[in-house]
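Single-letter residue listing:
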Amino acid sequence: MKISFIGAGNMTQAFLKGLDRSFFEHEVWVSNRSQGKLDGIDDPNITKTIDNHKAVHNADVVVLAVKPQQLFALLDEIRADIKADAILISLAAGLRMDQLEKGLFPKVKLIRFMPNTAIAIGIGSIAMCHNGNVKASELAFIKQLFKACGSLLELNEDQFELFIAASGSGIAFVYQIMATYVQTLVNLGLEEALAKSLITESFFAASSMAKINPDLDDLMTRVASKGGTTIEGLKVLRSSQLHEILMEMCQKTILRSKQLGEELQK
Ligand SMILES: NC(=O)c1ccc[n+]([C@@H]2O[C@H](COP(=O)([O-])OP(=O)(O)OC[C@H]3O[C@@H](n4cnc5c(N)ncnc54)[C@H](OP(=O)(O)O)[C@@H]3O)[C@@H](O)[C@H]2O)c1
């Protein structure tokens, strides 16, 4: 099988780090319009090129890893090179499958992936959906191909925006919360490196515990004994605007995803 990534930016580089050896038993190509990012890919199992036509020619799987704003121009460029039975995977935020199909050809086999950058270390979350031209066996093949990157979750396309708020963009929101927490501890007198290490460990511990026991209220109760320290901090959080802030954060993210789709439709 020939598998080609078009665009060698953040997402392609994250996939290339997270994928396992079985993936590289296939013929893997990466193309980028400029040389710079290709120079950073140093793997003898990958063929690099600035020529998208060469990368797409005869490819069985084509991962479209350019920015949403760059995608339609790319499709215009490579449409004629795409094999009729190739499986196309779009990573583009905001662009729905019906919009992408218009830029392609009838019967195109199209999958949408919405990953986050944790795919680079095999613990990413990838939402996926597909059009009616993708067979069950092809879907199973794609899931197998990318499984080393993390969990693949089949979602209805109308849930993608919520997934972006939770995972695709969500991972960055968690970083921001961590950074603010670190800064708060620094302001209170903790040395920055130590604050960062403690907060990183707390987030890791909390998410690991929640994977074992998904009952978050129960987990909190086990930390917050009556009359203790934790309950005082939790009272502050619970009476704050936290819910409103997170609601606005998600709503703005979802809105931008919708806008991207609308802007690019014109
Ligand atoms: N970053 C995330 O966390 C994330 C999460 C979920 C989904 N996504 C989606 O993943 C896609 C890629 O995002 P990204 O963060 O990887 O973007 P990025 O870092 O900007 O990478 C895009 C790459 O595509 C290249 N490119 C642009 N037009 C091209 C063309 N016509 N032919 C070949 N290469 C071309 C760019 O080349 P130059 O080096 O010349 O600019 C750049 O290296 C986007 O659609 C985004 O919505 C990203």
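(A) Broad picture of the pattern of salt bridges. Here the structure, examined in full by the defined rule, presents 13 salt bridges. Here Arg 112 ties to Glu 157 by a salt bridge, and the two come within 2.8 Å at their closest N and O atoms. Of this pair, Arg 112 sits in strand S6 (residues 109-114) while Glu 157 sits in the loop between strand S8 (150-154) and helix H7 (160-168), placing them 45 residues apart in sequence. Here Lys 252 ties to Glu 248 by a salt bridge, and the two come within 3.2 Å at their closest N and O atoms. Taken together, the residues span about one helical turn, with Lys 252 and Glu 248 both in helix H12 (residues 242-265) at a distance of 4 residues. Note on Glu 248: relative accessible area 45%, which makes it partly exposed. Each member of the salt-bridge network shares a partner with another, and the members are Asp 60, Lys 83 and Asp 85.

(B) Inspection of the domain arrangement of the chain at higher detail. The assigned domain composition of the chain is domain 1 (2-160) and domain 2 (168-261). Distance from the C-alpha centre of domain 1 to the C-alpha centre of domain 2: 32 Å. Summed over both sides, the interface between domain 1 and domain 2 buries roughly 560 Å², with carbon and sulfur atoms accounting for 59% of that surface. If you look at where domain 1 meets domain 2, you find 0 salt bridges. Where domain 1 touches domain 2, the interface holds 1 residue pair in polar contact (both at pLDDT 80 or more). Its residues placed into classes, the side of domain 1 that touches domain 2 shows 5 nonpolar, 5 polar and no charged.

(C) Broad picture of the site of the ligand. Looking at the ligand, there are 23 residues lining it, with Met 11, Asn 32, Ser 34, Asn 52 and Val 66 nearest. Asn 32 has a polar side-chain atom sitting 2.8 Å from an oxygen atom of the ligand. One nitrogen or oxygen atom from the main chain of Val 66 is found 2.7 Å from an oxygen atom belonging to the ligand. For the ligand, the accessible surface in isolation is 910 Å², of which the surrounding protein chains cover 85%.

The rules behind each value
- Residues numbered from 1 in each chain as written.
- Predicted model: local features only at pLDDT ≥ 70, side-chain atom pairs only at ≥ 80, totals over all residues.
- Heavy atoms only, no water.
- Salt bridge = Lys/Arg side-chain N within 4 Å of Asp/Glu carboxyl O.
- Helix = DSSP H or I, 4+ residues; strand = E, 2+ residues; numbered from the N terminus.
- Buried < 20%, exposed > 50% of the residue type's maximum accessible area, 1.4 Å probe, protein only.
- Domains from an automatic or database assignment.
- Buried area = accessible area lost by both parts, 1.4 Å probe.
- Polar contact = N/O pair within 3.5 Å; in protein donor to acceptor, adjacent residues only side chain to side chain.
- Nonpolar A, V, L, I, M, F, W, Y, C, P; charged D, E, K, R; others polar.
- Near = heavy atom within 4 Å.
- Areas by Shrake-Rupley, 256 points an atom, 1.4 Å probe, with all protein chains shown as cover.

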